[in-house]
Amino acid sequence: MERRDKYNYYLDIAETVLERGTCLRRNYGSIIVKNDEIISTGYTGAPRGRINCIDKGSCIREQLNVPRGTHYELCRSVHSEANAIISAARRDMIGATLYLVGRDAVSKAYVEDANSCSMCKRLIINAGIEKVVIRNSKNEYKVIYVEEWINNDESLEYQSKGY
């Protein structure tokens, strides 16, 4: 029997977390891990107490045909990375790893070229998270060192592709 590698183990957990998502377009799950301990989790969903898109039965971005990676201010949801970050203390996130999985809400396919949006990248940087591991397929992932975002901050400002 082959043992699951650690990155895929944590990505599997993040994938389970995304099942709680309330977005009608794409659902993401995030977990923040430090020293092999899960610090917090987050999924894409409306702020506490507000009606989410599943319960509403509609998505304004879908109705307006808003392209992926643009006009997040129209969205009712808080991104999974932001939800995970606000549920943890910064001292616990310094040097941690954030695991991120995204799936299309309808087809259930993994989001192609998934990445954090520019706002979430800024939150991840300020939280002190060291790296982000993003699932590409059931057993494949990419590892991004947050230092790359800091050193190439023009990409944060002009990024046109988020999720």
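About the thresholds
Residues numbered from 1 in each chain as written. Predicted model: local features only at pLDDT ≥ 70, side-chain atom pairs only at ≥ 80, totals over all residues. Heavy atoms only, no water. Pairing = 2+ DSSP bridges. Helix = DSSP H or I, 4+ residues; strand = E, 2+ residues; numbered from the N terminus. Axes fitted to C-alpha atoms, helices over the stretch in contact; angles between N-to-C directions. Core = buried A, V, L, I, M, F, W, Y, C linked by side-chain atoms within 4.5 Å. Buried < 20%, exposed > 50% of the residue type's maximum accessible area, 1.4 Å probe, protein only. UniProt positions renumbered as here; feature names shortened; annotations may be inferred. Polar contact = N/O pair within 3.5 Å; in protein donor to acceptor, adjacent residues only side chain to side chain. Right-handed = clockwise from strand over helix to strand, strands pointing away. Contact = heavy atoms within 4.5 Å.

K.L.:
How should the sheet that holds strand β2 (residues 37–43) be read in this particular structure?
P.N.:
What holds strands together in a sheet is hydrogen bonding between their backbones, with the strands either parallel or antiparallel. The five strands are arranged β2-β1-β3-β4-β5 in an open sheet whose pairing can be described as mixed. Taken across any chain shown, the strands that pair with only one partner, and hence form the sheet edges, are β2 and β5 (141–145). Neighbour to neighbour, the strand axes of the sheet diverge by 20° on average, direction disregarded.

K.L.:
How do you make sense of the nonpolar core when you look at a structure like this?
P.N.:
The nonpolar side chains of a soluble globular protein tend to be buried with one another. Grouped together as the largest cluster of nonpolar side chains are 19 residues, with contacts concentrated most on Ile32, Ile85, Met93, Leu98, Ile124, Ile129 and Val132. When contributions to this core are tallied by element, the ones reaching two or more residues are β1 (26–34), α4 (80–86), β3 (97–104), α6 (118–127), β4 (131–135) and α7 (146–151). One finds Leu11, Leu18, Val33 and Val101 within the second-largest nonpolar core, a separate group that totals 10 residues.

K.L.:
Would you explain α6 in this entry?
P.N.:
If you check which residues of α6 are buried, you get Ser118, Cys120, Lys121, Ile124 and Ala127. Looking one or two residues beyond α6, the residue adopting positive phi is glycine 128, at roughly 90°.

K.L.:
Which parts of the structure should I look at to understand the UniProt feature "active site" (unreviewed entry) in the protein?
P.N.:
Under the present numbering, the feature "active site" (unreviewed entry) in UniProt falls on Glu81. The buried category is assigned to glutamate 81, whose relative accessible area is 0%. Looking at glutamate 81, its side chain comes within polar contact range of the side chain of serine 80, at 3.5 Å.

K.L.:
Would you explain the pairing of β4 in this entry?
P.N.:
For a regular strand, side-chain orientation follows a simple rule: the groups alternate between the two sheet faces. Burial analysis of β4 places five of its five residues in the buried class, the great majority of the element. Alternating residues of β4 divide into Lys131, Val133 and Arg135 and Val132 and Ile134, and every residue in both groups is buried. Two elements, β3 and β4, share four bridges in a ladder whose sense is parallel. Counted as the bridge partner of leucine 98 is valine 132 from β4. Crossover connection from β3 via α6 to parallel β4: handedness right-handed. Here β4 runs beside β5; their pairing, made up of five bridges, is antiparallel. Opposite lysine 131, over in β5, you have tyrosine 145 as the bridge partner. Counted along the chain from β4 to the antiparallel partner β5, the turn is five residues long.

K.L.:
I keep staring at unusual backbone geometry and nothing clicks. Help me out?
P.N.:
Trans is the prevailing form of peptide bonds, just as negative phi is the prevailing case for residues other than glycine. The backbone phi angle of asparagine 35 is positive, close to 50°, even though this residue is not glycine. Unusually for a residue other than glycine, lysine 108 sits at a positive phi of about 70°. Look at lysine 108 and you get partly exposed, because its relative accessible area is 48%.

K.L.:
What's the story with the environment of lysine 138 in this structure? I'm lost.
P.N.:
Structurally, lysine 138 is set in the loop between β4 and β5. Filtering out sequence-adjacent residues up to four positions away, lysine 138 remains in contact with Arg4, Asn8, Asp12, Glu15 and Tyr110.

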